[in-house]
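Commentary on secondary and tertiary structure
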Amino acid sequence: MPAFPRRALLAAPLAAPAVLRAQTQARLLIIGGGFGGATAASFARRHHPWLDVTLIEPKTRFVTCPYGNLVLAGARQIGQITHGYDGLRARGVRVVHDWAAGIDAGQRQVRLAGGETLAYDRLILSPGIALRWGALEGYDEAAAEHMPHAWVPGDGAQTLLLRRQLEEMPDGGVVGLAIPANPFRCPPGPYERISMIASYLKRHKPRSKILALDAKEAFSKQGLFQDGWAALYPGMIEWVPGNRDGRVTRVDARGRVLETEFGTQHRVAVANVIPPQSAARIAIEAGLTDNSGWAPVNPRTFESRLAPGVHVVGDANIPGPMPKSGYVANSTAKQAVASIAAALRGEAPPEAVYFNTCYSHVGEDYGISIVGVFRPNAEGTAIAEVPNSGGISPRGNLPEQRRLEALHADAWYESITRDMFA
């Protein structure tokens, strides 16, 4: 879908007026109804009810990326990770199910595919990621129907396709995964996926194997994951790092072949290809991204460095050392809303502090986690992790710790989705 001309964006004013409208009429427009956008809409109505909040989201139901791996294991059904928007409507959010076709930051307008044009005083853009089709030779949208990515949930079809392929493969087959280099959505996600697929195979197809081809040499919570794999799934998982020819550069989708940079070909029964990613297309078309493919933002307000009045939250921005996680999207969305409310009142933004907790299921009653606290530096030019603020699950034979962390993970999912949608 075409965007507004890029020159319109470049003509945007260099500084927004401090107070744009009477507080009772200030219009907050939000694009994207996921972890960042839904959080922003709910938080704005609860804490700044004088804001007129409109959420633009094409889908009527939102399937979360978190807990999609548990659907692969058979530990959740897709309906249990699917959420509607009636709760936000009940809070007074106008929810418009349409595609945002273009952003005119100069005129402070968003054009919808359905023909409507919406004006705003401040815009929060939370569009998520785009898969970079073609970044791996042979991998495009058609190939994803044979080698599902299951990384952008959409309506859940990709997750269900991968689940069905696992069910249909014979016992003794090999499941191949292609894992990209950083940055990408949910750094521990591929390794939780390996764990959940292994959990399914252990129960139903115990002679099967998992071959994980990774473009990186290390990954988040690596020691904890590998401890869990050794304890729960001995001999089932082979992880190949990038420096041992783990980087997949080409695929043959119909033949289910993964080819690495040194020309090694791996024919597998099921292939899950997680391709390289960028900010979603609308952020790129609106000129909100730089050469990295991601949107640079002010660390204190998450306002775009390229378009005043537009705040980019969620996975589409460059969050410094913070991971692209649902928790970070939730945390930064609240700071963006608080900063917008302050700006509309002619005040300075509140002090920023961001939180992340990332749980991963490794097996039944077996969870691990990592936490972090982040703040902008004194100059406000970058975000840094607060020294000694975070932590990671301890290693060792700690069954009660693992059981409790699995319970905590489930409680986290329930609480954050309620925070977003209830």
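Summary of the structure given here. Not measured: the values here are computed from a predicted model.

Let's shift gears to unusual backbone geometry. A cis amide bond links Asn182 to the next residue, Pro183, at an omega of -5 degrees. The phi torsion at Lys221 lies on the positive side, around 55 degrees, for a residue other than glycine. Mapped onto the elements of the fold, Lys221 is located in the loop between β12 (209–214) and α7 (222–232). Phi is positive for Asp245, which is not a glycine, with a value near 70 degrees. Within the secondary structure layout, Asp245 lies in the loop between β13 (237–240) and β14 (248–252). Judged by relative accessible area, Asp245 falls into the buried class, the value being 11%.

Here we take up the packing of helix α6 (residues 189–204) against α7. Orientation of α6 relative to α7, taken along the N-to-C sense of each, is 5 degrees, at an axis distance of 11 Å. The angle between α6 and α7 falls in the class roughly parallel. Residue-level contacts link Tyr191, Glu192, Ile194, Ser195 and Lys202 of α6 to Phe225, Trp229 and Leu232 of α7. Counted by class, the contact of α6 with α7 contains five nonpolar, one polar and two charged residues.

The rules behind each value
- Residues numbered from 1 in each chain as written.
- Predicted model: local features only at pLDDT ≥ 70, side-chain atom pairs only at ≥ 80, totals over all residues.
- Heavy atoms only, no water.
- Helix = DSSP H or I, 4+ residues; strand = E, 2+ residues; numbered from the N terminus.
- Buried < 20%, exposed > 50% of the residue type's maximum accessible area, 1.4 Å probe, protein only.
- Axes fitted to C-alpha atoms, helices over the stretch in contact; angles between N-to-C directions.
- Parallel < 35°, antiparallel > 145°, perpendicular 65-115°, else oblique.
- Contact = heavy atoms within 4.5 Å.
- Nonpolar A, V, L, I, M, F, W, Y, C, P; charged D, E, K, R; others polar.

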